[in-house]
Amino acid sequence: MEEFRFLLKTIISSGVGEETYCPANILQGRETSPSLHDSLQETDDVVFSTLDTLFATSGISPSQIDILVTTVSLFAPSPSISSRIANRYRMKEGVKSFSLAGMGCSASLVGIDLVRRLFTVRPNAFALVVSTENIGAHWYQGKDRSFMLSNVLFRTGGASILLTNDPSWKGRAILNLVASARTHLSSDEAYGAALQVEDDQGYRGFRLSKHLPQAAVEALVHNFRVLLPKVLPAWEIARYVVVYSYTFCKRRRRTPLINMKSGIQHFCVHPGGRAVIDGVGRSLGLGEEDLEPSRMTLHRFGNTSSGGLWYVLGYMEAKKRLRGGEKVLMISLGAGFMCNSCVWEVLRDVGDVNVWGDCIQRYPPLTLVNPFADKFDWIHQDYMNFIRLEDYDRAQFDM
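How each quantity is defined
Residues numbered from 1 in each chain as written. Predicted model: local features only at pLDDT ≥ 70, side-chain atom pairs only at ≥ 80, totals over all residues. Heavy atoms only, no water. Axes fitted to C-alpha atoms, helices over the stretch in contact; angles between N-to-C directions. Helix = DSSP H or I, 4+ residues; strand = E, 2+ residues; numbered from the N terminus. Parallel < 35°, antiparallel > 145°, perpendicular 65-115°, else oblique. Left-handed = near helix turned anticlockwise from the far one by under 90°. Contact = heavy atoms within 4.5 Å. Nonpolar A, V, L, I, M, F, W, Y, C, P; charged D, E, K, R; others polar. Core = buried A, V, L, I, M, F, W, Y, C linked by side-chain atoms within 4.5 Å. Buried < 20%, exposed > 50% of the residue type's maximum accessible area, 1.4 Å probe, protein only. UniProt positions renumbered as here; feature names shortened; annotations may be inferred. 1 Å grid on protein atoms, 1.4 Å probe; cavity = no way out; pocket = protein on both sides within 12 Å on 5 of 7 lines; lining within 4 Å. Points joined across faces, edges and corners; volume = space filled by probe spheres on them. Pairing = 2+ DSSP bridges. Phe/Tyr/Trp six-rings, centres within 6.5 Å; stacked < 30°, edge-to-face > 60°. Polar contact = N/O pair within 3.5 Å; in protein donor to acceptor, adjacent residues only side chain to side chain.

### Regarding the packing of helix H1 (residues 2–13) against helix H6 (residues 145–153)
- Put simply, H1 and H6 touch, their axes get as near as 10 Å, and they point 45° apart. Compared by their axis directions, H1 and H6 come out oblique. Seen from above, H1 lies across H6 with right-handed handedness. Each of Glu2, Glu3, Phe6, Leu7, Thr10 and Ile11 in H1 lies in contact with H6, whose residues at this interface are Arg145, Met148, Leu149 and Val152.
- Class assignment of the residues belonging to the contact of H1 with H6 gives a composition of 6 nonpolar, 1 polar and 3 charged.

Quick look at the structure:
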């Protein structure tokens, strides 16, 4: 009963709305016995629908694709998912395919960086990065609180991204990749911060350790040391160094913040959970308007793992907030422990409603309070206060 109350309180406070998507076997109550067919169907539904739309709207033929990268952390069938895509669309024999697994929510930007590097030796090429997650076969069935949040936050979704280094396509492109950076911490604490293991009862799930917040901060700091000098103006970097040095010499506790908005106008923070968004926002000195796309994505679609950043970008596009010449920062965190980021330049004003088309007019809503909060307000009473705040905060800081 206590585990049920903990789960209920977490659901109500998670920031996830009532219109997200789940795999069929979960909705049908078959989470204890998922089949291979269930996993394949879940992946096919997302991947093929996004690719069908991409090919139809871009005018690109599947036979023109030179590089294919898929990022699915928890599902690695044989033949691979990239092979499944190549077979479905009858891609050419020379397509270079890569199936990335085990990298969690940060995998999509790993795929983007991989394509960037391959483009240096493949001129005038077209590439696809297909990002999704398979959750139906990994639904946690135990009662350990440090494992339970994945059932609350993770939902079905994904995205397919078309990239090219063909100069003749510059007039049709929406974004230009300016810079990217990848950070992979290798300490035992970072490696075990978010780990897929079995609980004491033998149920498999993701355990979130007390080292997770520190690992995320350390990875973000290391990542930005590489990325920010490439995208922020030199005068801002110099100002920060001077202020930081002065603060250090005076031994003041509060660390100064670098002005991210001196070179970046939009921020795609991975919608991994409310605490993730809040934590990154505080670290970067971002306001509510900056974090709105990530909060709305979490509310409407939940945490769709590596595909989540593209829903955030889609929100900005649907709201017609992206203008030519502006810069967009994408930040992702993932098990390993990894932080991957990149900066895009918007090439022209964009306003496609995309996947948000059926609901963008309702966002942002007047309130993000869960509609069941009043019905279950008894979970907040003092006599029900069996949940420690540190348990909830630790669980919320999810991938």
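### Quick word on the nonpolar core
- In this structure, Phe224, Met260, Ile264, Leu329 and Phe337 are the most contacted members of the largest nonpolar core, which totals 40 residues.
- At the level of elements, H6, strand E5 (175–184), helix H8 (212–231), strand E8 (266–269), helix H10 (274–284), helix H11 (288–301), strand E9 (327–334) and strand E10 (338–346) are the ones that each hand at least two residues to this core.
- The biggest single contributor to this core is H8, with 9 residues.
- In this structure, Ile67, Leu109, Val129 and Leu322 belong to the second largest nonpolar core, which totals 28 residues.

### Remarks on the UniProt feature "domain: Beta-ketoacyl-[acyl-carrier-protein] synthase III C-terminal" (unreviewed entry) in the protein chain
- UniProt tags residues 262–345 as "domain: Beta-ketoacyl-[acyl-carrier-protein] synthase III C-terminal" (unreviewed entry).
- End-to-end, the C-alpha atoms of residues 262–345 are 14 Å apart, and along that stretch the chain is 43% helix and 24% strand.

### Details of the environment of Asn124
- Looking at the secondary structure, you find Asn124 in the loop between helix H5 (107–119) and strand E3 (126–132).
- Residue class for Asn124 comes out partly exposed when judged on its relative accessible area of 47%.
- In this structure the C-alpha to C-alpha distance between Asn124 and Asp66, which are 58 residues apart in sequence, comes to 9.5 Å.
- Apart from the residues within four sequence positions on either side, Asn124 is in contact with Asp66, Asn165, Asp166 and Pro167.

### Overview of H10
- Taken residue by residue, H10 has Ala275, Val276, Ile277, Gly279, Val280, Gly281 and Leu284 as its buried positions.
- Directly after H10, the chain includes Gly285, whose backbone phi takes a positive value near 70°.

### So, the layout of surface pockets
- Quantified by volume, the largest pocket comes out at close to 1600 Å³.
- Counting residues per element, the ones that place at least two in the lining of the largest pocket are helix H3 (36–58), H5, strand E4 (158–164), E5 and helix H12 (308–318).
- Of the residues forming the lining of the largest pocket, the biggest block, 7 residues, is contributed by E4.
- Of the residues contributing to the lining of the largest pocket, the split by class is 24 nonpolar, 12 polar and 7 charged.

### Describing the sheet that holds E5
- Taken in spatial order, the 4 strands line up as E5-E10-E9-E8 in an open sheet, and their pairing is mixed. Only two strands of the sheet have a single partner each, and these edge strands are E5 and E8. Neighbour to neighbour, the strand axes of the sheet diverge by 15° on average, direction disregarded.
- As judged from the 8 bridges shared by E9 and E10, these two strands associate in the antiparallel manner. Each bridged residue has a counterpart across the sheet, and for Ile331 the counterpart in E10 is Ser341.
- Contacting E5, E8, E9 and E10, H12 crosses the sheet at an angle of about 150° to E8.

### Side note on the pairing of E10
- In terms of burial, E10 is largely enclosed, as 8 of its 9 residues are buried.
- By the bridge criterion, 9 bridges tie E5 to E10 in an arrangement that is antiparallel. What sits directly across from Leu175, in E10, is Val346.
- Connecting E9 to the next strand, E10, in antiparallel fashion are 3 residues, including Gly336 with a positive phi near 145°.

### Here's the deal with the packing of aromatic side chains
- Applying the stated criterion to the full structure yields 10 aromatic pairs.
- Between Phe48 and Tyr89, the ring centres sit 6.0 Å apart and the planes meet at 80°, which makes this aromatic pair edge-to-face. Highlighted residues: Phe48 in helix H3 and Tyr89 in the loop between helix H4 (81–88) and strand E2 (96–100), separated in sequence by 41 residues. The same class applies to Phe48 and to Tyr89, which are both buried.
- Considering the side-chain rings of Phe301 and Trp356, the 5.0 Å spacing of their centres and the 90° angle between planes classify their relative orientation as edge-to-face.

### Brief notes about the side chain of Ser82
- Structurally, the position occupied by Ser82 is in helix H4.
- Looking at Ser82, the relative accessible area reads 2%, which means it is buried.
- At 3.0 Å, the side chain of Ser82 and the side chain of Ser80 are in polar contact.
- Look past the residues within four positions of Ser82 in its chain and what remains in contact with it is Leu68, Thr70, Ser97, Phe98 and Ser99.

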